[in-house]
Amino acid sequence: MTGVHVAHDCIIGNNVILVNLVALGGHVEIDDWAILGGASNVHQFCKVGKHAMIAANSKLVQDVPPFILAGKHPVQYSGINSIGLSRRGFTGNDKADIKKAYRYLFRSDLNQSDALAKVKKELSNNNYVDEILHFYESSERGII
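Numbering of residues starts from 1 in each chain and follows the order in which that chain's sequence is written. Only residues with pLDDT of at least 70 are given local features in this predicted model, and only at 80 or more are side-chain atom pairs given and counted; all residues enter the totals for whole chains, interfaces and linings. Think of the side-chain values as coming from all heavy atoms in the structure, minus any hydrogens and water.

J.: I keep staring at the overall build of the protein chain and nothing clicks. Help me out?
T.: Only DSSP runs of H or I covering at least 4 residues are called helices, and only runs of E covering at least 2 are called strands; the numbering of each starts at the N terminus. When helices and strands are counted, the protein chain shows four helices and twelve strands. Every radius of gyration here is taken over C-alpha atoms, with the globule rule written as 2.2 Å times N^0.38, N being the number of residues. Taken against the 2.2 N^0.38 rule, which gives 15 Å for 144 residues, the C-alpha radius of gyration of the protein chain at 15 Å falls within 12% of a compact globule. Projected onto its principal axes, the C-alpha coordinates of the protein chain cover approximately 45 × 30 × 25 Å. Each residue gets one of three labels from its accessible area relative to the maximum for its type: buried under 20%, exposed over 50%, partly exposed in between, using a 1.4 Å probe on protein chains only. The buried share among the 144 residues of the protein chain stands at 42%. In what follows, a contact means two residues having at least one pair of non-hydrogen atoms within 4.5 Å. In the protein chain, the share of contacts with a sequence separation of at least 24, taken over all contacts with a separation of at least 6, comes to 27%. Throughout, the Shrake-Rupley method with a 1.4 Å probe supplies accessible areas, and for residues the shown protein chains are the sole cover considered. Accessible area of the protein chain: about 7600 Å², with a carbon and sulfur share of 48%. Neither His nor the chain termini are counted; the positive set is Lys and Arg, and the negative set is Asp and Glu. In plain terms, the charge of a residue is placed at NZ if it is Lys, CZ if Arg, CG if Asp and CD if Glu. Counting 15 positive and 14 negative side-chain charges, the protein chain places the averaged centre of each group 8 Å from the other.

Written as structure tokens, this is what we have:
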């Protein structure tokens, strides 16, 4: 769309939507099916996971995990991208597992390492949850 800036060495996946005036710093990675709302800015070396949807006017300075909605100031988890996932054929069980994983990671009183351990223990039989775990483990800038 108009006025989008993609800096050097960015990697943009398939079916990504960058709405008007989105600006990506260098070395940013945007995974498949992600949507960045208008006038959002992404700091260099940040990653946005698959099927994530970012609210307009967001300022991303850390990685945004897959399958979620994120926004507000500062950017934070707002829930899973349930409508987008349904449109792309995710089953109810897959969405429930993703939601449960993020409930541990964002909505519980557990610290991040304990939450990740609980997700691994309880939900590791789901490929989408495995993607979430891999995203967390490979993050270099930290998670929102």
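J.: Would you mind going over the packing of helix 3 (residues 112-123) against helix 4 (residues 127-138) with me for this structure?
T.: Pairs of packed helices are described in terms of their axes, by the angle between the two and the distance that separates them. The contact between helix 3 and helix 4 brings their axes to 10 Å, and the two run at 155°. Considering their axes alone, helix 3 and helix 4 lie roughly antiparallel with respect to each other. The two elements helix 3 and helix 4 meet at a crossing, and its hand is left-handed. Residues Q112, L116, V119, K120 and L123 of helix 3 lie in contact with helix 4, whose contacting residues are V129, L133, Y136 and E137. Considering only residue class, the contact of helix 3 with helix 4 consists of six nonpolar, one polar and two charged. Interaxial angles span 0 to 180 degrees and are taken between N-to-C directions of axes, which are lines fitted to C-alpha atoms, for helices over the stretch in contact. Here the angle decides the label: under 35 degrees means roughly parallel, over 145 means roughly antiparallel, 65 to 115 means roughly perpendicular, and every other value means oblique. For any helix crossing, the convention is left-handed if the near helix is rotated counterclockwise from the far helix by under a right angle, and right-handed if that rotation is clockwise. Just so you know the grouping, Ala, Val, Leu, Ile, Met, Phe, Trp, Tyr, Cys and Pro go in nonpolar, Asp, Glu, Lys and Arg go in charged, and all remaining residues, Gly too, go in polar.

J.: Help me understand unusual backbone geometry, please; the structure alone is not making it clear to me.
T.: Most peptide bonds take the trans form, and the phi angle of most residues other than glycine is negative. Cis geometry is found at the peptide bond from H73 to P74, where omega equals -5°. Along the chain, P74 falls in the loop between strand 11 (68-71) and strand 12 (76-80). The residue L21 is not glycine, and still its phi comes out positive at about 70°. Examined against the element boundaries, L21 turns out to sit in the loop between strand 3 (17-18) and strand 4 (23-24). The residue W33 is not glycine, and still its phi comes out positive at about 65°. Tracing the backbone through its elements, the reader meets W33 in the loop between strand 5 (29-30) and strand 6 (35-36). Looking at W33, the relative accessible area reads 34%, which means it is partly exposed.

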